[in-house]
Amino acid sequence: MSGFDKVVDSYEEALAGLEDNMTVIAGGFGLCGIPENLIKEIRRKGTRGLTVASNNCGTDECGLGLLLIDKQIKKMIASYVGENALFEAQMMSGELEVELTPQGTLAEKMRAGGAGIPAFFTATGYGTPVGEGKEVRQFNGRHYILEEALHGDFSIAKAYKADRYGNLMFRKTARNFNPMAVTAGKIAVVEVEEIVEAGQLDPDEIHLPGIYVNRLIKGTFDKTIEQRTVRSA
Amino acid sequence: MALSREQLAQRVAQEFHDGYYVNLGIGIPTLAANFIPDDMQVMLQSENGLLGMGPFPLEEEVDADLINAGKQTVTMATGASLFSSAESFAMIRGGHVDLTVLGAFEVDCQGNIASYMIPGKLIKGMGGAMDLVAGAENIIVTMTHASKHGESKLLPQCTLPLTGKGCIKRVLTDLALLDIEDGRFILRERAPGVSVEEIVKLTAGDLEVPANVPEMVFR
């Protein structure tokens with residue numbers, strides 16, 4: 001690696017320094033736009049006691065669900081954790097701590113974490129279990145709760161295309177939580193489908209500047225579809 | 001007769017206006033997209049980062065990178081745009097979505113809604129529902145009026161953990177369309193063939209019944 005070149009050659013190198021009990025922020029929505037190879041690398045490494053923040057926790061066979069097999073996740077911060085039998089079993093037995101966070105609040109907590117904003121007020125969750133124990137303030141006659149930013153030791157994300165400097169482009173709804181997840185990690189690792197030379201992406205079309213990215217790797221992706229719905233011609 | 005799923009979806013669609021940006025929850029709300037009148041433009045927001053959701057894809061159009069909030073493969077309509085989850089909820093929280101339609105377990109006459117969690121049963125999470133009910137000015141809740149055992153779901157006070165507090169003003173059930181104002185339900189319309197008495201019997205929360213309660217009209 002030299003200068004602004006963020007490209008690493010192996011997944012081992014991509015996640016070097018990830019240790020037990022760290023916090024990992026992961027992009028993806030369902031199985032769409034998940035950093036699937038980085039997740040597999042965490043499984044291979046066997047890192048344990050992780051706190052993971054991601055909208056979902058994958059399925060039994062895919063995505064973050066793979067980290068449940070050997071109980072590598074200690075705590076999950078997510079908005080929706082259905083359709084995952086292993087998750088359910090570990091949550092019910094108390095082995096897995098779960099912090100349910102509204103989807104928009106989760107996205108904003110990541111964004112705030114990356115943008116140097118320690119906390120923000122939102123009406124989401126006021127008067128519900130999510131608001132319990134949180135500071136409440138009124139603005140213009142409405143109640144808001146204080147939500148704190150999220151920071152990760154690592155963030156893992158998936159983008160579509162990057163240049164070697166880590167400038168990123170996402171594709172369709174695979175963007176989802178990925179841009180905010182990248183910004184919220186001390187070490188941001190991004191895997192992409194294609195890497196081009198710096199200067200080959202139109203600067204106007206870069207979705208996330210490379211300043212947020214520490215390590216970049218090109219992967220091949222299964223892109224498993226959770227709900228294949230089609231119409232007939 | 002209680003409304004069918006299709007009729008519920010059809011009645012929801014009657015709340016659409018030309019030029020509306022609409023977020024439809026999973027289930028019956030999603031079905032309402034099938035009843036957008038031909039002479040009307042409505043753009044569907046999917047909170048995972050798509051404004052301008054189109055129909056399900058043809059087999060050869062399926063794209064793993066293009067799904068809706070229910071994780072189903074979809075297509076994009078003309079004029080669609082794509083964005084991050086933070087941007088998506090900025091437009092929801094910021095009140096830019098004209099209409100939100102979602103399901104619930106219970107609603108009460110204070111405008112509270114419970115829709116994501118039954119204690120003791122499996123907890124799956126609220127997804128975007130808490131943000132949607134907190135952010136939208138114009139929300140329609142679709143649900144059955146009572147449980148299979150005849151217990152009202154329109155209550156004086158929700159018994160389940162809340163998704164949102166004091167944020168619901170309109171409820172469409174299989175029996176009636178009701179508004180919520182000043183701590184009570186107001187009966188606006190009834191399903192064809194359903195009597196006011198039946199609705200009164202199955203509404204546990206305070207209910208105001210105007211002199212004239214028209215039947216819903218389906219074209």
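Quick note: structure is the one above.
Criteria and cut-off values
Residues numbered from 1 in each chain as written. Chains lettered and ligands numbered in written order. Predicted model: local features only at pLDDT ≥ 70, side-chain atom pairs only at ≥ 80, totals over all residues. Heavy atoms only, no water. Helix = DSSP H or I, 4+ residues; strand = E, 2+ residues; numbered from the N terminus. Rg over C-alpha atoms; globule rule 2.2 N^0.38 Å. Buried < 20%, exposed > 50% of the residue type's maximum accessible area, 1.4 Å probe, protein only. Contact = heavy atoms within 4.5 Å. Areas by Shrake-Rupley, 256 points an atom, 1.4 Å probe, with all protein chains shown as cover. Lys, Arg positive; Asp, Glu negative; His and termini not counted. Charge placed at Lys NZ, Arg CZ, Asp CG, Glu CD. Polar contact = N/O pair within 3.5 Å; in protein donor to acceptor, adjacent residues only side chain to side chain. Buried area = accessible area lost by both parts, 1.4 Å probe. Salt bridge = Lys/Arg side-chain N within 4 Å of Asp/Glu carboxyl O. Nonpolar A, V, L, I, M, F, W, Y, C, P; charged D, E, K, R; others polar. Pairing = 2+ DSSP bridges. Phe/Tyr/Trp six-rings, centres within 6.5 Å; stacked < 30°, edge-to-face > 60°.

Trainee: How should the overall build of chain A be read in this particular structure?
Mentor: In terms of helices and strands, chain A carries five helices and eleven strands. Computed over its C-alpha atoms, the radius of gyration of chain A comes to 18 Å, within 12% of the 17 Å expected for a compact globule of 233 residues. Across its three principal axes, chain A shows a C-alpha extent of roughly 50 × 50 × 40 Å. Within chain A, the fraction of its 233 residues that count as buried is 55%. A sequence separation of at least 24 residues applies to 72% of the contacts in chain A between residues at least 6 apart. Accessible surface for chain A amounts to roughly 10,000 Å². Of this, 46% is attributable to carbon and sulfur atoms. Taken together, the 26 basic and 32 acidic charged side chains of chain A have centroids lying 2 Å from each other.

Trainee: What's the story with unusual backbone geometry in this structure? I'm lost.
Mentor: Glycine aside, residues mostly have negative phi angles, and peptide bonds mostly take the trans form. Residue and element names in this part refer to chain A. The backbone of Asn140 shows a phi angle near 50°, a positive value even though the residue is not glycine. Note that Asn140 resides in the loop between strand E6 (136-139) and strand E7 (142-148). The phi dihedral of Asn176 is positive, around 30°, even though this residue is not glycine. Locating Asn176 in the fold gives a position in the loop between strand E9 (168-169) and helix H5 (178-183).

Trainee: Please clarify how the side chain of Asp63 of chain B should be interpreted in this entry.
Mentor: Examined against the element boundaries, Asp63 of chain B turns out to sit in the loop between strand E3 (50-53) and strand E4 (76-82). Assessed through its relative accessible area of 12%, Asp63 of chain B is described here as buried. A distance of 2.7 Å separates polar atoms of two side chains, one belonging to Asp63 of chain B and the other to Arg171 of chain A. Other than its neighbours up to four places away in sequence, Asp63 of chain B contacts Arg171 and Lys172 of chain A together with Thr73 of chain B.

Trainee: Teacher, can you tell me more about the interface of chain A and chain B here?
Mentor: By a widespread convention, an interface's size corresponds to the accessible area lost as its parts come together. The interface is formed by 51 residues belonging to chain A together with 48 residues belonging to chain B. Across the chain A to chain B interface the summed buried area is about 4,100 Å²; carbon plus sulfur atoms make up 60%. Broken down residue by residue, the surface that chain A buries against chain B is led by Lys172, Thr173 and Arg231 of chain A, which jointly contribute 16%. Viewed at the interface, chain B and chain A are joined by seven salt bridges. In this structure, the salt-bridge partner of Glu59 of chain B is Arg228 of chain A, at a minimum N-O distance of 3.0 Å. The tally of links from chain A across to chain B stands at 26 residue pairs in polar contact (both at pLDDT 80 or more). Mapped onto the side of chain A that touches chain B, the elements with two or more residues apiece are helix H3 (85-92), helix H4 (103-115) and H5 of chain A. Counting residues per element, the side of chain A that touches chain B draws most heavily on H4 of chain A, which supplies six residues. Classifying every residue of the side of chain A that touches chain B gives 20 nonpolar, 18 polar and 13 charged.

Trainee: When you look at the environment of Ser4 of chain B in this model, what are you seeing that I'm missing?
Mentor: Residue and element names in this part refer to chain B. Take Ser4: it is sitting in the segment before helix H1 (5-13). The class of Ser4 is partly exposed, set by a relative accessible area of 31%. Taking the C-alpha atoms as reference points, Ser4 and Leu175, 171 residues apart in sequence, are found 9.9 Å from one another.

Trainee: I keep staring at the sheet that holds strand E12 (residues 184-190) of chain B and nothing clicks. Help me out?
Mentor: By definition, the strands of a sheet pair up through backbone hydrogen bonds, in either a parallel or an antiparallel sense. Residues and elements named next belong to chain B. The ten strands are arranged E4-E3-E2-E1-E5-E8-E10-E11-E12-E13 in an open sheet whose pairing can be described as mixed. Of all the strands in the sheet, just E4 and strand E13 (207-208) have a single pairing partner and so form its edges. Sheet topology places strand E8 (residues 139-143) next to strand E10 (residues 170-173); three bridges connect them, and they run parallel. The residue bridging Thr142 from the neighbouring strand is Leu172, located in E10.

Trainee: Explain the packing of aromatic side chains to me, please; I cannot follow it from the model alone.
Mentor: Pairs of aromatic rings are described using the distance from one ring centre to the other and the angle between the two planes. Residue and element names in this part refer to chain A. For the structure shown, the criterion picks out three aromatic pairs over all chains. Pairing Phe4 with Tyr165 gives two aromatic rings, centres 5.6 Å apart and planes at 50°, and the pair type is tilted. Taken as a pair, Phe4 in the segment before helix H1 (11-14) and Tyr165 in the loop between strand E8 (152-163) and E9 lie far apart in primary sequence, 161 residues in all. Phe4 sits in the exposed class, given a relative accessible area of 58%. Residues Phe121 and Phe139 carry aromatic rings whose centres are separated by 5.3 Å and whose planes lie at 65° to one another, so their mutual orientation is edge-to-face. In this pair, Phe121 sits in strand E5 (residues 119-122) while Phe139 sits in strand E6, placing the two residues 18 residues apart along the sequence. On the accessibility criterion, Phe121 (27% relative accessible area) is partly exposed.

By themselves these figures say nothing about function.
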